[in-house]
Amino acid sequence: MNISTNWLADYVEHDLSPDALADVLTMLGLEVESVETHGRDLTGVVVGHVLDTRPHPNADRLTLCDVDLGGESPVQIVCGAPNVAAGQKVPVATVGTTLMLPSRKTGELEPVTLSKAKLRGEESSGMICAEDELGLGTDHDGIMVLDADAPVGQPFAQYLAERGRTTSDSVLDIAITPNRPDAVSHLGVARDVAAVVDTLLTRPEIEIPQPGGEAAEMVPVEIEAPEVCHRFVGMIVRGVTVGESPDWLKVRLEAIGLRPRNNVVDITNYVMMESGQPLHAYDLDKVAGPRFVVREATPEEKLTTLDDKERTLPTGTVVVADADGASGIAGVMGGADSEISESTTTVFIEGAYWDPVTIRKTAKALGMQTDASYRFERGVDTEGQPWAVARAAHLTAELGGGEIVPGLIDARPVVPEPREVTLRPSRLTRILGTEIPVDEVKRLLTAIGFEIGDASVDNPDAGLNVVVPTFRPDIEREIDAIEEVARLWGFDRVPTPEATAVPYAPPHPDRAAQLRESVRSHLVGLGFRELYTNSLIPAPVAEAFADAELVGVEMESVETVNAISREMNALRPSLLPGLLGAMSYNQNRDAGALRFFEFGHVYGRADDPANAIEGYHEHTSLILGMSGPAQMSGGDQNERGTDFFDLKGVVEHLLRSLGIASIEEVAGLEANERTAYRLFLDYNGQRLGVIARTSDALGDTSDLQEPVYFAELDWDTLSALLTSQPPTRYTPISRAPAVDRDLAVIVGKTAPVGPLLSAIREAGGDLLQSARVFDLYEGDRIEADKKSIAFALRFGADKTLTDKVIDKRVRAIVDRLGRDHGAQLRQ
Amino acid sequence: MDTMTLRDEIDALSQEIEAADLPSADEIEAFRIRTLGRKSGAITALFGRITEVEPSERGKTGQALNALKQQAEARIELAQAALTSSDGAERTDLDLTLPGRVPAPVEPGSLHPLTQTLEEIKGIFRHFGFDVAEGPEIEDDWHNFTALNFPPEHPARDMQDTLFVEPPPPDGRGIVMRTHTSPAQIRIMEQQAPPIRVIVPGRVYRNEAISYKSYCLFHQIEGLVVDEHATFADLKEMLHVFAQALFGDDVKMRFRPSFFPFTEPSAEVDIWWADETIEGGGRWMEILGCGMVDPNVLEAVDIDPERYTGYAWGMGVERMAMLKYGVDDIRLFYENDTRFLKQF
């Protein structure tokens, strides 16, 4: 909220500059987000006394003046104003003063610093100013003539201030946290300032009438909703003339960003910003009855509010009604029917206490947050209504020329008990880690309106019995009071200990994090860049990608209820849309070779008993993507485009580096809407992920210039698999030499190689240390529909293997290949 | 033969060229001979028939034929380009089970600046012996709000613009995209007895319009200590040492009172950011929020607040990265422009 420093000065005396005040408030928990200064700086402008005048010898329109500025001797000033005369008190800008004056060229205001000058041969030490030159008005007909009793030499700003004219004001924009309902007013902020500068808060003394009297007889009030309306206070002013507010009031409201309307409405706003108690003024002649009933709105009840909008009131809304119907929404906004207008003469000023939760719900349901609802939903002072209403009534009588109807309406179905908390000094020390003397604790709490109860005087060890002021509904527990003490004492005064005991808890090696780091390093080493993509994507995209093909889990996409935009109204079920976005973005900027990876959560709706939130599935996914050249031309190599096997090589390398061998591969060769072809990776029947090429159709919809090869892996499954493996143990290195054998077989041209390799590994048993493909051949030397595959096999054991043993094992492999895969040994 | 027929033939051939399936070198060559071959090419033949057309129309027809020729040439070029990558097209006769090859890097790889920042922060707290834990991003009301002392219908809930997956009761269960990493604190304390010393990194969401200074999601890292003697002074010490590690030994910092529902007293921490170009030679920059764990939070997870106290803090990784690298637009982190990524 905006706080005017001039206004604040009404309640607390301090000598802090606006910036220093901002610092003080910030360090009290009232964070000042900006300080804006309005008006002119009049430093250097003083009251001068024109002792004598004489015509300028060289210029008809100029006058030479001897002016007393309170110094040892008068100075000569050249003045061009027709109205200057001896004996006048005038504002003088002394040499060195900076004024904002219109530029001769552009007419725009620009800072001009006055120096001693000669004007047409005569010396001039300063400038006698007109109103506009001081930023005080538009008058440029002549110099300002001040009151005859103005003290010579007095700073002009002070002269103005003594006459109620402000020259500049600084407005602090304070971010009020939800635990400070007391601070949404000038008095509230002043209270904190007073506590810190150790002075008293001065609240204007107002005569508050006793409940009852003529006013109460004039307007009966009935509370049918006591659970929402804890208190309803009113006063009446009659014979009021509604009109423009005086300048001082308009200036104050404008300074904090409120638009002045008329004196009555301005007064209610003024008192709200002064005290934090929202008020509402009714034109009593337009209130049917006149009487008020506070009740729940009837179903589908309609009301035209002050902003001239007809609203259907939601269930649970409480209204202030007159004899004819609703005339205002409790705590949110008044109604247009009883609005203050130029013809209003009798004003009813209402100040109420409304239940915070109800007001919050109503304001939300209506989609309107007003200055009033903002304060009510935080909780206003339960005792603050009579003062605020009386304050507004007196101002109305004063500024609107009316007469206060004697008496006060005070309907109060709920009277809260004073709240007390016990503050144990030992607990305070335990929380803060430093000791604050009990007397200081008492002083700090008393300064912001707490009372230290009698019980604690005799027995301080039992804790202080603290009575919470009625304007602090947020203070409910001991810890709340401890926080108040701590913030007033100053967080920065809490000393940091020389040594801190670290709680006993053995640090656990984080295997999963280490694995992730290791994967990141491998990928960076292979030229991959890490991405962070948005997990919020358009719903149709989420739906299209929520497929087990990509994520290995059967699930449906998740949409959000209150999306920011249609581009972000669902959660990604796969990292692929984000990868394709990054690919498209960079491909369309001619980025060349692209290799990307990302770790991130993917989400779906699924029956997943392992998931933290029932009905959903969430896991960490790892995606890799490649496009563009896999190799650039230069030296002894030619440019080559990326293909499936480049990415497959990377994935294999990654898995091998993590210690995972013997992956089962399942190929899918039929193109679908997302992928042209794909290879699923399984381990012990668990799906680890997929490697695929995007389909051309997906390429079109994703605005890809080239196909993207991607691999998406279920990182959580992979990580769990790895972390559950037994710790590494050393195996002795065999002293016996390994034996290499090559083996070539002929199979059908379309037979995949993978299953043959798996069969070789199985049949080779523990003697077979490794097996890999080293040649593929199709052509003249074998049958047309066949191909030849050559494998390099390495056998070894902890003893020297005889040819006989190895031959036997090779035969077993050949038999197995023949039996299960129809492979023939190539002769 | 009249002109229309010749033009019709051109159109028909154009469609045929467009539709041609050219998966192999043999078929590309056959296509070339069929269309552009000097003896039997269809386009060559059409060129020969240009005399059939009225002289006044010949110019136009010639242009159409030239366009057709260019189309065929382009088609061939495209098909050949697709072939140079061994499976550039949507081919279905690949043996995907063949072993892969590991390509050499074309450019250096890079870790995302947010990862680098996060790892640096994590590293500092690991030195203090903190464990690292994570939690789900789809959260329930209990963990994200209620257990963290955000009462239902309290204005504190407005401090964070919440993105809902299910509406609040009575229309749903109030399932949200977590607005902070603090729900993981609750999950940890539900499972583990004090003493607790843990940090939680993770992605969090806010239903906010995207601009240079705010994004719909960001990353937080948060720390939690619960023990019999944890005090606000300890918290200050811990964060001071942290700030020294991250910003240098002579870092100047201040703790100012603030409000978070789950801590009390609560503070925001600023560091002094020297900048000679602004008045005063610098300014205070907020880096994190912190406080003593609110007794209500400990009670929500059945930890006795009379026996144990705790402190917690949380910071935005993007904010730290922006400070560290001088990045002035948060959206850059999610745009993934390689010209940005390669700088880190």
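Caption draft 1: Quick look at the overall build of chain B. Across its full length, chain B carries 12 helices and 10 strands. Expected size for 344 residues packed as a compact globule is a radius of gyration near 20 Å; at 33 Å, chain B overshoots this value by more than 25%. The principal-axis extents of the C-alpha atoms in chain B amount to approximately 105 × 55 × 45 Å. Across the 344 residues of chain B, 39% fall into the buried class. For chain B, contacts bridging at least 24 residues in sequence account for 65% of all contacts bridging at least 6.

Caption draft 2: Molecular detail of the overall build of chain A. Across its full length, chain A holds 23 helices and 42 strands. Of all 827 residues assigned to chain A, the portion counted as buried reaches 42%.

Caption draft 3: Structural view of the domain arrangement of chain B. Assigned domains of chain B: these are domain 1 (3-84) and domain 2 (113-341). Placing a centre on the C-alpha atoms of domain 1 of chain B and another on those of domain 2 of chain B gives a separation of 66 Å.

Caption draft 4: Representation of the domain arrangement of chain A. Structurally, chain A comprises domain 1 (2-40 + 168-197), domain 2 (45-162), domain 3 (213-411), domain 4 (420-488), domain 5 (511-632 + 639-723) and domain 6 (739-825). In this structure, domain 2 of chain A and domain 3 of chain A have C-alpha centres spaced 49 Å apart.

Caption draft 5: Molecular detail of the pairing of strand β3 (residues 45-55) of chain A. All names here are of chain A. Relative to strand β6 (residues 89-93), β3 runs antiparallel, the two sharing 5 bridges. Within β6, the residue paired with H49 across the bridge is K89. As paired strands, β3 and strand β4 (residues 63-68) are joined by 6 bridges and run antiparallel to one another. Bridge pairing in β4 links P55 to T63.

Caption draft 6: Focus on the interface of chain A and chain B. Taken together, the contacts link 103 residues of chain A with 85 residues of chain B. A per-element tally of the side of chain A that touches chain B places helix α19 (residues 644-657) of chain A first, with 8 residues. Residue composition of the side of chain A that touches chain B, by class: 55 nonpolar, 24 polar and 24 charged.

Caption draft 7: Region of the structure containing the packing of helix α22 (residues 753-764) of chain A against helix α23 (residues 803-821) of chain A. Residue and element names in this part refer to chain A. For the pair α22 and α23, interaxial distance at closest approach is 9 Å and the crossing angle is 140°. Of the possible angle classes, the one that applies to α22 and α23 is oblique. Crossing of α22 against α23: the hand is right-handed. For the pair α22 and α23, contact is made by P755, L756, A759, I760, A763 and G764 and by R809, A812, I813, R816, L817, D820 and H821, respectively. Each residue belonging to the contact of α22 with α23 can be placed in one class, and the counts come to 8 nonpolar, 2 polar and 3 charged.

Caption draft 8: Spatial organisation of the nonpolar core. Judged by nonpolar contacts, the single largest core of 165 residues is most densely connected at L579, L624, L647 and F710 of chain A together with V226, C290 and Y311 of chain B. When residues no more than four places from it in sequence are discounted, the contact partners of L624 of chain A are F528, F597, L647, V650, V651, F710 and A711 of chain A. Core analysis: the next-biggest nonpolar cluster, separate from the first, contains 66 residues, V242, L253, I359 and L399 of chain A among them.

Caption draft 9: Summary view of the environment of R256 of chain B. Inspection of the secondary structure puts R256 of chain B in strand β7 (residues 253-260). Linking R256 of chain B and T181 of chain B, residues 75 residues apart in sequence, is a C-alpha distance of 22 Å. Dropping the residues within four chain positions of it, R256 of chain B is found in contact with T26, M27, G29, E31 and F491 of chain A together with A267, E268 and D270 of chain B.

Caption draft 10: Just helix α4 (residues 186-197) of chain A, in detail. Residue and element names in this part refer to chain A. When the terminal C-alpha atoms of α4 are compared, their 16 Å separation across 12 residues agrees well with the 16 Å that a helix rising 1.5 Å per residue should span. Most of α4 is tucked away: 10 of the 12 residues are buried. Every buried residue of α4 is listed here: H186, L187, G188, V189, A190, R191, D192, V193, A194 and A195. Two residues or fewer after α4 comes D198, characterised by a positive phi angle close to 55°.

Caption draft 11: Molecular detail of the environment of H112 of chain B. As for its placement among the helices and strands, H112 of chain B is situated in the loop between α4 (55-84) and α5 (113-127). Discounting residues that sit within four places of it in the chain, H112 of chain B has contacts with E530, L531 and Y532 of chain A together with L341 of chain B.

Caption draft 12: View of unusual backbone geometry. With an omega of -15°, the peptide bond between G289 of chain A and P290 of chain A qualifies as cis. Along the chain, P290 of chain A turns up in the loop between β15 (279-283) and β16 (292-296). Unlike most non-glycine residues, D308 of chain A shows phi in positive territory, near 65°. Mapped onto the elements, D308 of chain A comes out in the loop between β17 (302-304) and β18 (310-312). Since 8 C-beta atoms lie within 10 Å of it, D308 of chain A is described here as exposed. One non-glycine residue, D302 of chain B, adopts positive backbone phi at about 60°.

Caption draft 13: Expanded view of the packing of helix α6 (residues 247-255) of chain A against helix α7 (residues 263-275) of chain A. All names here are of chain A. Taken N-terminus to C-terminus, the directions of α6 and α7 make an angle of 55°; their axes are 10 Å apart at the nearest point. It follows that α6 is oblique to α7 by the angle criterion. For the crossing formed where α6 meets α7, the hand is left-handed. In this structure, α6 uses L249, R252 and L253 to contact α7, whose residues at the interface are D266, N269 and Y270. When the residues that make up the contact of α6 with α7 are grouped by side-chain class, the tally is 3 nonpolar, 1 polar and 2 charged.

Caption draft 14: Broad picture of the sheet that holds strand β12 (residues 168-175) of chain A. Residue and element names in this part refer to chain A. In space, the 3 strands of this open sheet follow the order β1-β12-β2, with antiparallel pairing throughout. Of all strands in the sheet, those bounded by a partner on one side alone are β1 (2-4) and β2 (31-39). Direction aside, the axes of adjacent strands within the sheet are offset by 25° on average. For β2 and β12, the ladder comprises 8 bridges, and the chain directions are antiparallel. Within the sheet, the bridge partner assigned to E31 lies in β12 and is A175.

Caption draft 15: Expanded view of the environment of E166 of chain B. By the secondary structure assignment, E166 of chain B is in the loop between β3 (163-164) and β4 (176-177). For E166 of chain B, a count of 20 C-beta atoms within 10 Å gives the class buried. When the C-alpha positions of E166 of chain B and M177 of chain B are compared, they lie 9.6 Å apart, and in sequence the two are 11 residues distant. Setting aside residues no more than four positions away along its own chain, E166 of chain B makes contact with V561 of chain A together with G172, R173, G174 and I175 of chain B.

The rules behind these values
Residues numbered from 1 in each chain as written. Chains lettered and ligands numbered in written order. Predicted model: local features only at pLDDT ≥ 70, side-chain atom pairs only at ≥ 80, totals over all residues. Helix = DSSP H or I, 4+ residues; strand = E, 2+ residues; numbered from the N terminus. Rg over C-alpha atoms; globule rule 2.2 N^0.38 Å. Buried ≥ 20, exposed ≤ 12 C-beta atoms within 10 Å, placed from the backbone. Contact = placed C-beta atoms within 7 Å. Domains from an automatic or database assignment. Pairing = 2+ DSSP bridges. Nonpolar A, V, L, I, M, F, W, Y, C, P; charged D, E, K, R; others polar. Axes fitted to C-alpha atoms, helices over the stretch in contact; angles between N-to-C directions. Parallel < 35°, antiparallel > 145°, perpendicular 65-115°, else oblique. Left-handed = near helix turned anticlockwise from the far one by under 90°. Core = buried A, V, L, I, M, F, W, Y, C linked by C-beta atoms within 7 Å. Expected span 1.5 Å × (residues − 1).

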